[in-house]
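Results of the structural survey
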Amino acid sequence: MNEQETFVAIQKNHEGAIINFKTSTGRVLSYRKAIMEIENGAISGAYVWTGENGESYIRTTPGDSPANSLDDLPAFF
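In what follows, the accompanying structure is described.

Looking only at helices and strands, the protein features one helix and five strands. Going from N to C terminus, the protein has its helices and strands arranged as β-β-β-α-β-β. For a compact globule of 77 residues, the expected C-alpha radius of gyration is about 11 Å, and the protein comes in at 12 Å, within 12% of that figure. Along the first, second and third principal axes, the C-alpha set of the protein runs to 35 × 30 × 25 Å. Buried positions account for 32% of the 77 residues belonging to the protein. The long-range share in the protein, meaning contacts at least 24 apart out of those at least 6 apart in sequence, stands at 34%. Working note: accessible area of the protein is about 5,000 Å², and carbon and sulfur atoms make up 47% of it.

Written out as structure tokens, the structure reads:
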């Protein structure tokens with residue numbers, strides 16, 4: 001079985017919203033692709049949460065992530 005990846009860096013848009021993630025293997029995933037990867041079990045340390053508005057959001061798993069919040073991850077360009 002393949003080792004699960006983790007998120008190691010983020011990229012934000014001009015409004016401050018996370019738009020891309022870099023994984024521990026160096027892959028760059030869009031927000032939507034990252035949601036699919038988490039749901040498929042390829043990413044550890046994060047989960048998908050559905051808000052009251054019906055939108056899906058990525059959150060870190062407490063105690064299972066290198067960062068307390070996705071915003072704590074370093075930026076990449």
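On to the pattern of salt bridges. Under the counting rule described, the total for this entry stands at five salt bridges. The shortest N-O distance in the salt bridge between Asp71 and Lys12 comes to 3.1 Å. Taken as a pair, Asp71 in the segment after strand S5 (56–60) and Lys12 in strand S1 (residues 7–12) lie far apart in primary sequence, 59 residues in all. Arg27 serves as the salt-bridge partner of Glu37, at 3.1 Å between the closest nitrogen and oxygen. Within this pair, whereas Glu37 is found in helix H1 (residues 31–39), its partner Arg27 is found in the loop between strand S2 (18–23) and strand S3 (28–30), the two being separated by ten residues in sequence. Since its relative accessible area comes to 31%, Arg27 is described here as partly exposed.

On to the sheet that holds S2. Overall, antiparallel pairing links the three strands, which are arranged S1-S2-S3 in an open sheet. Bordering the open sheet on either side are S1 and S3, each of which pairs with just one other strand. Across this sheet, the average inter-strand angle for adjacent strands is 30°, counted without regard to direction. In this sheet, S3 lies alongside S2 in antiparallel orientation, the contact comprising three bridges. Among the inter-strand pairings, Asn20 is bridged to a residue of S3, identified as Ser30.

Cut-off values and rules
Residues numbered from 1 in each chain as written. Predicted model: local features only at pLDDT ≥ 70, side-chain atom pairs only at ≥ 80, totals over all residues. Heavy atoms only, no water. Helix = DSSP H or I, 4+ residues; strand = E, 2+ residues; numbered from the N terminus. Rg over C-alpha atoms; globule rule 2.2 N^0.38 Å. Buried < 20%, exposed > 50% of the residue type's maximum accessible area, 1.4 Å probe, protein only. Contact = heavy atoms within 4.5 Å. Areas by Shrake-Rupley, 256 points an atom, 1.4 Å probe, with all protein chains shown as cover. Salt bridge = Lys/Arg side-chain N within 4 Å of Asp/Glu carboxyl O. Pairing = 2+ DSSP bridges. Axes fitted to C-alpha atoms, helices over the stretch in contact; angles between N-to-C directions.

That is the geometry; function is a separate question.
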